[in-house]
Amino acid sequence: MNVFMRWFHKMGSPKYFYEVSGKMIPWFMWTFIITLVYGLYQGMIVSPPDYQQGESVRIMYIHVPAAWMSMFIYVVMAVSGLISLVWRIKMTEIFVISSATVGASFTFLALATGSLWGKPMWGTWWVWDARLTSELILLFLYLGIIALHSAIEDKRVAARAISILALVGVVNIPIIHYSVEWWNTLHQTSSVTMTGKKAMSTSMLIPLLVMSVSFKLYYGAVVLMRARAELLERDRNTRWVEEVVQEDTK
Amino acid sequence: MNPIRKKRLYLIGAMVAGIGVAAWLALNAFDENLMFFFSPTEVVAGKAPTGHPFRIGGLVANESVKRRPDGLTTAFDVTDNDKTVTVEYTGILPDLFREGQGIVALGQLNEGGIFVASEVLAKHDENYMPPEVAESLKTAHDNAVGNTQPQASIQ
């Protein structure tokens with residue numbers, strides 16, 4: 001067993017996870033705040049206006065990282081869901097539901113900021129093109145997962161149900177990504193790609209990448225907080241939680 | 001991996017693959033409807049629907065924008081660098097509207113083959129750059145093709 005797998009197995013133990021995540025949260029939080037302040041300063045003040053969009057281009061520094069996060073978190077959920085269904089690990093079950101609300105928030109943020117940009121640039125708040133529609137479906141998937149989880153009393157059954165839903169919905173992720181290439185859309189094609197086509201000036205790319213790192217750190221902090229709370233609730237009748245509570249009230 | 005887990009993994013794999021295929025088939029069947037707009041070439045070839053409104057997308061052809069005498073109606077050519085369709089629109093155009101800009105217009109073809117639009121949206125491309133860069137790119141391009149604007153000279 002390699003180092004990573006050993007770490008993964010250790011993190012599967014609730015007590016160990018609770019201790020380690022408690023130490024990790026402040027790191028995520030502080031690095032998030034630092035990168036957020038730096039990214040916003042770079043994006044809102046330092047970076048130049050666009051040759052066509054003018055100052056409205058600054059919406060992109062929120063919109064694009066939020067849209068990336070909406071898909072990234074969904075993939076994390078689907079992978080956690082797969083592990084939960086096959087190996088029945090409690091911690092990954094908790095990760096599925098803990099990610100859902102953060103993912104839904106980022107999806108909403110991407111849609112809302114996109115709409116604010118669309119009005120002055122395109123001339124409309126909303127169009128039913130393939131990119132916008134598939135991203136809206138992603139929001140509904142997140143909301144469906146949250147609703148399904150709260151509809152089922154038994155937490156383990158609920159976790160299995162939402163894992164299946166998360167895996168069903170994962171087909172939407174490539175559709176969102178490739179929608180702008182497969183079909184004619186009003187939404188522009190990707191400016192930042194793995195192939196390294198240079199469609200964005202470096203002075204704009206840097207704040208964008210800083211913001212995307214920042215949002216990932218935020219997700220790291222929030223998902224751990226939510227997972228800890230969920231874990232305590234699920235394990236409230238166990239010995240280790242009793243010990244943690246006694247430790248805290250001392 | 002023990003047999004039960006292996007079986008679960010295969011089941012889930014089959015489920016995701018099945019949904020993927022179903023989605024692919026459905027999207028293929030709806031391909032036409034998922035297209036947000038038709039290109040001028042498709043419109044000229046008669047692929048666009050007749051009798052109900054559709055969208056046309058392309059670039060506003062250079063030196064084709066004309067104001068009608070009523071002051072509100074604008075006529076311009078939309079091109080995909082192959083075929084061209086004339087569009088007429090009454091109303092306020094979006095800020096990004098200009099010659100050479102990508103646009104999407106919603107409307108219908110009239111008997112004269114003119115596309116009468118009820119809505120014109122600007123389509124922004126994926127290029128992001130500061131104004132100075134755009135300016136220097138344009139200058140470099142103009143120099144390369146050798147059609148720089150003649151400089152005003154004092155004589």
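Per chain, the residues get numbers from 1 upward, laid out in the order the sequence is written. Think of it this way: whatever chain is written first is A, whatever ligand is written first is 1, and the rest follow in order. Local features in this predicted model are restricted to residues of pLDDT 70 or higher, and side-chain atom pairs are both shown and tallied only at a pLDDT of 80 or more, whereas totals for entire chains, interfaces and linings draw on every residue. Only hydrogens and water are removed before side-chain values are computed, so all heavy atoms of the structure are retained for them.

**Notes on the overall build of chain A**
Point 1. Starting at the N terminus, helices and strands are each numbered in turn, a helix being any DSSP run of H or I of at least four residues and a strand any DSSP run of E of at least two. When you go through chain A residue by residue, the secondary structure sums to nine helices and zero strands.
Point 2. Starting at the N terminus and walking to the C terminus, you meet the elements of chain A as α-α-α-α-α-α-α-α-α.
Point 3. Taken over the C-alpha atoms alone, chain A extends approximately 60 × 35 × 35 Å along its principal axes.
Point 4. Working definition: with a 1.4 Å probe on protein chains only, accessible area under 20% of the residue-type maximum means buried, over 50% means exposed, and in between means partly exposed. Considering chain A as a whole, with its 250 residues, one finds that 50% of them fall into the buried category.
Point 5. The contacts of chain A with a sequence gap of at least 6 include a subset with a gap of at least 24, amounting to 76%.
Point 6. Total accessible area computed for chain A in this model is approximately 12,000 Å², and 69% of it derives from carbon and sulfur atoms.
Point 7. The charge count includes Lys and Arg as positive and Asp and Glu as negative, but it does not include His or the ends of the chains. For the purpose of locating charges, the reference atoms are NZ of Lys, CZ of Arg, CG of Asp and CD of Glu. Computing the positive centroid from 21 side-chain charges and the negative centroid from 16, chain A places the two 5 Å apart. Here, residues are in contact when the closest pair of their heavy atoms is within 4.5 Å. Note on areas: these come from Shrake-Rupley sampling with a 1.4 Å probe, and a residue is covered only by the protein chains present in the view.

**Let's talk about the pattern of salt bridges**
All names here are of chain A.
Point 1. Should a side-chain nitrogen of Lys or Arg be within 4 Å of a carboxyl oxygen of Asp or Glu, the pair is scored as a salt bridge. Evaluation of the coordinates by the stated rule reveals nine salt bridges over all chains.
Point 2. Of the charged contacts in the structure, one is a salt bridge between Lys15 and Glu19, with a shortest N-O distance of 3.3 Å. One end of the pair, Lys15, and the other, Glu19, are both in helix H2 (residues 14-46), four residues apart, so they sit about a helical turn from each other.
Point 3. Taken together, the salt bridges that share partners define one network made up of Glu93, Arg156 and Arg234.

**Some words on the nonpolar core**
The tendency in soluble globular proteins is for nonpolar side chains to be buried as a group.
Point 1. Definition of nonpolar core: a set of buried residues of the types Ala, Val, Leu, Ile, Met, Phe, Trp, Tyr and Cys, connected through side-chain atoms within 4.5 Å. One finds Met60(A) and Tyr74(A) to be the most contacted residues of the largest nonpolar core, which totals 52 residues.
Point 2. Contributing elements (two or more residues each) for this core: H2, helix H3 (60-87), helix H4 (90-121), helix H5 (130-151), helix H6 (155-169), helix H7 (172-182), helix H8 (202-234) and helix H9 (239-249) of chain A.
Point 3. Top element by residues in this core is H3(A). It accounts for eleven residues.
Point 4. Setting aside anything within four residues of it in sequence, one finds Tyr74(A) in contact with Leu138(A), Leu141(A), Tyr142(A), Ile145(A), Leu165(A), Ala166(A), Gly169(A), Val170(A) and Ile173(A).
Point 5. With 18 residues, the next largest nonpolar core counts Phe38(B), Val85(B), Tyr89(B) and Val120(B) among its residues.

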